[in-house]
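# An overview of the molecular structure
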Amino acid sequence: MNRLQDRIAIITGGAAGLGRAAVEKFVSEGATVSIWDLGEEQGKTLLDELNTADGQAEFRRIDVADTAAVKAAVDAVKAKFGRIDILINNAGITRDATLMKMEEEHFDQVIAVNLKGVFNCGQAVGRVMVEQGNGAIINTSSVVALYGNFGQTNYVASKAGVIGITKVWARELGRKGVRVNAVAPGFIGTDMVMAMPEKVRDMMCSRVPVGRLGLPAEIADAYLFLASDESSYINGTVLSVDGGVIS
Ligand SMILES: NC(=O)c1ccc[n+]([C@@H]2O[C@H](COP(=O)([O-])OP(=O)(O)OC[C@H]3O[C@@H](n4cnc5c(N)ncnc54)[C@H](O)[C@@H]3O)[C@@H](O)[C@H]2O)c1
């Protein structure tokens, strides 16, 4: 299928996990993808594996928390491809600890990447999209933003903030032709989760009515839907992709 034919997309955190699944899906749907990630080796390996001889994908080593670097990279992508149609704000980190044990540094790191990173990319790309008069921004939140989670003060704060940002941008940018939505993934079987003991994974599954973990490709499908014209009247929504998880 070619639901993203000739679209130019930036996918942050695109070298691994959910972002990587999105890169693969978007390229297969005809998009040209700029992969932004800190993991240079993983990014370059992915480029090789995608095997897009015609420049349908590129990798940039970008820290989304670095405002100046993000601005420069947006300018470079715009200069190279002429436009930016899709931004997937997917890069994210965790630094878990209970409230009493959480270090200030870990609180700040998570906010810097998960929240300020979304702001940095959204503001710089948003300017390009508003000038074009169209675009789609998808911000990655999490099921824990809706229900809370033990040991994740910093992460939950950042992911709840992402929902707030999404609602504001939907109002501010909607009338300028730019749709902004969020995806809230549940328990997804990325490499990290699959490396957990089976007992822990079974416990996670017991909270999911469909009885299994989600697949990275199932999150990529949600990104694809919200980035494509099939969601042309959807703006400011939070799409839970979590198998109906029970809080
Ligand atoms: N995996 C899940 O079950 C799950 C559930 C809910 C939400 N999420 C969210 O989905 C997103 C992707 O999660 P994942 O499981 O694929 O994570 P992951 O750790 O597998 O991949 C995240 C990618 O982001 C990159 N990254 C980290 N910091 C960065 C920075 N400062 N600048 C640029 N890139 C950076 C990493 O190098 C990595 O390649 C995250 O925002 C995460 O919070 C994941």
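Residues numbered from 1 in each chain as written. Predicted model: local features only at pLDDT ≥ 70, side-chain atom pairs only at ≥ 80, totals over all residues.

Okay, the site of the ligand next. Around the ligand there are 28 residues in total, and G13, A16, G17, G92 and I188 lie nearest to it. When contributions to the shell around the ligand are tallied by element, the ones reaching two or more residues are α1 (17-28), β2 (32-37) and α4 (104-132). Tallying contributions element by element places α1 first for the shell around the ligand, with 3 residues. In terms of residue class, the shell around the ligand is made up of 15 nonpolar, 11 polar and 2 charged. (Near = placed C-beta within 6 Å. Helix = DSSP H or I, 4+ residues; strand = E, 2+ residues; numbered from the N terminus. Nonpolar A, V, L, I, M, F, W, Y, C, P; charged D, E, K, R; others polar.)

As a further point, take the sheet that holds strand β4 (residues 86-89). The strand order β3-β2-β1-β4-β5-β6-β7 describes an open sheet built from 7 strands, whose pairing is parallel. The open sheet has two free edges, formed respectively by β3 (57-61) and β7 (238-241), since each of these has just one partner strand. Neighbour-to-neighbour, the strand axes of the sheet open up by a mean angle of 20 degrees, direction not taken into account. Note: strand β6 (residues 178-185) against β7, 4 bridges, orientation parallel. Residue P185 lies in a different strand from β7, and its bridge partner there is V241. Against the sheet, α1 contacts β1 (8-12), β2, β3, β4 and β6, and its axis sits at roughly 165 degrees relative to β1. (Pairing = 2+ DSSP bridges. Axes fitted to C-alpha atoms, helices over the stretch in contact; angles between N-to-C directions. Contact = placed C-beta atoms within 7 Å.)

Looking now at the pairing of strand β5 (residues 135-140). Across the 6 residues that make up β5, a large majority, 6, are buried. Burial along β5 is two-sided: G135, I137 and N139 facing one way and A136, I138 and T140 facing the other are all buried. When β4 meets β5, the two strands line up parallel, connected through 4 bridges. Counterpart to L87 in the pairing with β5 is I137. Between the parallel pair β4 and β5, the chain is carried across by α4, and the sense of this crossover is right-handed. With 6 bridges joining them, β5 and β6 adopt parallel strand pairing. Note on β6: the bridge partner recorded for A136 is R179. (Buried ≥ 20, exposed ≤ 12 C-beta atoms within 10 Å, placed from the backbone. Right-handed = clockwise from strand over helix to strand, strands pointing away.)

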